[in-house]
Amino acid sequence: MNKREFLKTSGAFLTSTLLSGFASSEAEAQAGRTNWAGNLTYHTDNLLTPKTAAEAQQMVKNTPKLRALGSRHCFNAIADSTAAQISLKELESMVLDPAAKTVTVGAGVRYGILAPFIDEKGYALHNLASLPHITAVGACATATHGSGVKNGNLSTAVSGMEIITADGQVVQLSRAGNGDNFNGTVVHLGSLGVVTKITLDVEPTYLVRQVVYENLNIDQLEHNLDAIMGSGYSVSFFTDWQHHRMSQVWIKTRAEIPDGQAVLFKIEPEFYGATAAKEKLHPITGHDATPCTEQMGVPGPWYERLPHFRMNFTPSSGAEIQTEYLLPRSRGYEAILAVEQLKDKITPHLFITEIRCIAADDLLMSSAWRQDSMAIHFTWKPESEEVHKVLPLIEEKLAPFNARPHWGKVFTMPPSRLAQVYGNIPKFQTLVKQYDPQGKFRNQFIDTNIFGA
C-alpha cells in the first residue's frame, strides 16, 4: 500500500474507538466534580455547559465570577473556583485552511480528535503532548510542551485566538495582528477571558517510528546529553532514580517512506551502552504496555507515535499526582545529579520520572521562555501528604538552576520565588488587569501565584 493508505489504515482503530477507555472515567469524575486524576475536588458544583459560543458569551457576561474548565488534566487548583466553572466541551468545531496552513479548533477539541482529522487531509502538528486526551485550548493555556530539542511547546503553534472577555465581548487575537502583545496572551493561564477557539499552524503529515532502549547509565549524560536528546525528533528518559540509570530511553524519529515501498528499519542493539528493548514496554515497570503507542521501530502516523499513550485507553497510571520543573538544558546533567541525591526520599512515592527537552520560545508566561529547556517530570503515587513533603526538597535542589514549575502541576514554590524564575509576571499582571479589570476570571491560585509576590 502507498503511504497515504498506510496512514489511514493504521489510524482506523484509534478513530473508531477514540474515547472508549476515557469516557467512563470522565463521567465518573464529573459526577464527583474532581480533576482527571482524582487528586483535586473542585470547590463549586456550579458548572456551566454552553452548547454554542453565543451561549457561552451570554453565560460569561451574566456570571460575576468563573473559571474555564478544560479536560481537567491540571493537577493543581489553577482551574478551580468557589463560584462557577464553565466547560466548553461542546464546542468541537474544526476548520482546516490549507491555503493558510492552519486549523481552527473549538475549545472542546482534544488532540486525539484533531490529529486524525487533519492527518486525513494530509496535515500534521509539529508536536504533541504525552497524552492525546487533553484539549488543545487547555494545553496551550498552560504551555504544555511535548518534546524535542528543536520543537517549541504546543503553544508555539497558536497563531490566533477567539476569547470572550469579562464584559461578554468576543475579541479576535492573532500573531499577525497583535504582535508582541499576542505573545503575552497565548499562555494566559485562564486569566484573560474564556477562549472559545484557537488557530494552530499545521505542516505536511509525516510518519514516526519509535524505538525504546533500556538501562542508560547516567554517566553517559555528562558529555552526551545534547547528542542523546538530539538523536530523534522527540526523546524521553524514564527513571525511578535508583541504580544511577535511566531505565528507558524512548526515541521517536521521523520516518521517510517512499510511496509504494515497504521499508524495514534496523534497530541498533546498543545506544550509548543502553540495550534495545525486546518487547513493547510501559514507562512504569510492571504496567501493561497495551495502552502505550507502538514501539519496536514500526512506522506509523505522527499522532500515533508522538504521544506515549493511545487515545482509546486510560492514559498513564490514572490515579496519580504530577509535578514538573523546567530548567536550562545546558545544565541538565547537573540538575539530574542534584535530584538523584534525593532518590531514597523520592522513589517510595514515585511511579516514574520522565525527562525530556523542549526548544526556547518567546511566549511571556511559557516555562521555556527564551530558554532551551529540560523538563524533569514526576508522576507520583496518589500520596498527597508524602508528595508535599518531598517537593520542597526537590525545589531546593533545583533552585541553583532557576527551575520553573509547570503551571498545571503540583508545586510548593512560594510566590516570591515564582516571581524570580518567571521574570515576566509583572508584565502578565498588567495584561490581566487590562483584559479583566474587575478580576472576574481570577481565583485563589492566580491571586496567590501571580499577584501574591
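Summarised in this report is the structure supplied together with it. (Residues numbered from 1 in each chain as written. Predicted model: local features only at pLDDT ≥ 70, side-chain atom pairs only at ≥ 80, totals over all residues. Heavy atoms only, no water.)

## Side note on empty space enclosed by the protein
Taken as a whole and judged by the stated rule, the model has six cavities of 30 Å³ or more. In this structure, the largest cavity occupies an estimated 720 Å³ of space. His 73, Cys 74, Gly 138, Thr 142 and Thr 144 are the residues nearest the centre of the largest cavity, which is lined by 49 residues in total. Looking at the lining of the largest cavity, the elements that each hand over two or more residues are β2 (67–69), α5 (136–141), β9 (194–201), β17 (321–328), β18 (350–358) and β19 (373–380). By residue number, the principal contributor to the lining of the largest cavity is α5, which donates four residues. Considered class by class, the residues forming the lining of the largest cavity number 23 nonpolar, 20 polar and six charged. (1 Å grid on protein atoms, 1.4 Å probe; cavity = no way out; pocket = protein on both sides within 12 Å on 5 of 7 lines; lining within 4 Å. Points joined across faces, edges and corners; volume = space filled by probe spheres on them. Helix = DSSP H or I, 4+ residues; strand = E, 2+ residues; numbered from the N terminus. Nonpolar A, V, L, I, M, F, W, Y, C, P; charged D, E, K, R; others polar.)

## Focus on the pairing of β19
Counting buried residues along β19, eight of its eight residues qualify, which places the element largely inside the surrounding structure. Burial of the side chains of β19 extends over both faces: Ser 373, Ala 375, His 377 and Thr 379 are buried on one face and Met 374, Ile 376, Phe 378 and Trp 380 on the other. Looking at chain direction, β18 and β19 are connected through eight bridges and run antiparallel. Looking across to β19, one finds that Ile 352 is bridged to Thr 379. (Buried < 20%, exposed > 50% of the residue type's maximum accessible area, 1.4 Å probe, protein only. Pairing = 2+ DSSP bridges.)

## Looking at the nonpolar core
By size, the foremost hydrophobic cluster in this structure holds 129 residues, and its most contacted members are Phe 237 and Trp 302. If near-sequence neighbours (up to four positions away) are discounted, Phe 237 is found in contact with Leu 216, Leu 221, Leu 225, Ile 228, Met 229, Met 246, Gln 248, Val 249, Thr 353, Glu 354 and Ile 355. (Core = buried A, V, L, I, M, F, W, Y, C linked by side-chain atoms within 4.5 Å. Contact = heavy atoms within 4.5 Å.)

## Some words on the sheet that holds β2
Pairing within the open sheet is parallel, and its three strands lie in the order β1-β3-β2. Of all the strands in the sheet, just β1 (47–48) and β2 have a single pairing partner and so form its edges. Bridge count for β1 against strand β3 (residues 85–87) is two bridges, and the pairing is parallel. Within β3, the residue paired with Leu 47 across the bridge is Gln 85.

## Focus: unusual backbone geometry
With a phi angle near 65 degrees, His 243 is a residue other than glycine that sits in the positive phi range. Assignment of secondary structure puts His 243 in the loop between β12 (234–239) and β13 (245–255). Judged by its relative accessible area of 61%, His 243 is exposed. In the Ramachandran plot, Met 296 falls in the positive-phi region, its phi being about 60 degrees despite a non-glycine side chain. Relative to the helices and strands, Met 296 is located in the loop between β15 (274–276) and β16 (300–301). A relative accessible area of 33% means that Met 296 is categorised as partly exposed.

## Things to note about the pairing of β13
Most of β13 sits out of view: eight of its eleven residues are buried. Bridge count between strand β11 (residues 207–217) and β13: ten bridges; the pairing is antiparallel. Directly across from Arg 209, in β13, lies its bridge partner Thr 253. Across five bridges, the pairing between β12 and β13 is antiparallel. Counted as the bridge partner of Ser 236 is Trp 250 from β13. Linkage of β12 to β13, two consecutive antiparallel strands, is achieved through a turn of five residues, within which Trp 241 is found at a positive phi near 75 degrees.

## Some details on the packing of aromatic side chains
Summed over the entire model, instances satisfying the criterion amount to eleven aromatic pairs. For the ring pair Tyr 206 and Trp 302, a centre distance of 6.1 Å and an interplane angle of 40 degrees mean the geometry is tilted. In this pair, Tyr 206 is assigned in the loop between β10 (203–204) and β11 and Trp 302 in the loop between β16 and β17, connecting sequence segments 96 residues apart. An angle of 35 degrees between the planes, with centres 4.4 Å apart, marks the rings of Trp 407 and Tyr 422 as tilted. Taken as a pair, Trp 407 in the loop between β20 (404–405) and α11 (415–421) and Tyr 422 in the loop between α11 and α12 (425–435) lie far apart in primary sequence, 15 residues in all. Like Trp 407, the residue Tyr 422 is buried in the burial classification. An aromatic cluster is built from Tyr 206, Tyr 233, Trp 302 and Tyr 303, whose rings are joined through pairwise contacts. (Phe/Tyr/Trp six-rings, centres within 6.5 Å; stacked < 30°, edge-to-face > 60°.)

## A short note on helix α4 (residues 111–120)
Because an α-helix packs 3.6 residues into every turn, residues spaced three or four apart end up facing the same way. Counting buried positions over the ten residues of α4 gives seven, a clear majority of the element. Within α4, burial applies to Tyr 111, Gly 112, Leu 114, Ala 115, Pro 116, Ile 118 and Asp 119. Directly beyond the C-terminal end of α4, a positive phi value near 95 degrees is found at Gly 122.

## Details of the sheet that holds strand β5 (residues 102–106)
Here we have five strands laid out as an open sheet, ordered β4-β5-β9-β7-β8, and antiparallel in their pairing. Both edges of this open sheet fall to β4 (94–97) and β8 (170–174), since each of them pairs with a single strand only. On average, each strand axis in the sheet is tilted by 15 degrees relative to the strand beside it, whichever way the strands run. Packed on one face of the sheet, helix α3 (residues 53–62) meets β7 (158–164), β8 and β9 and runs near 55 degrees to β7. Each of β7, β8 and β9 is contacted by helix α6 (residues 175–185), which is oriented at about 95 degrees to β8, the strand it contacts most. (Axes fitted to C-alpha atoms, helices over the stretch in contact; angles between N-to-C directions.)

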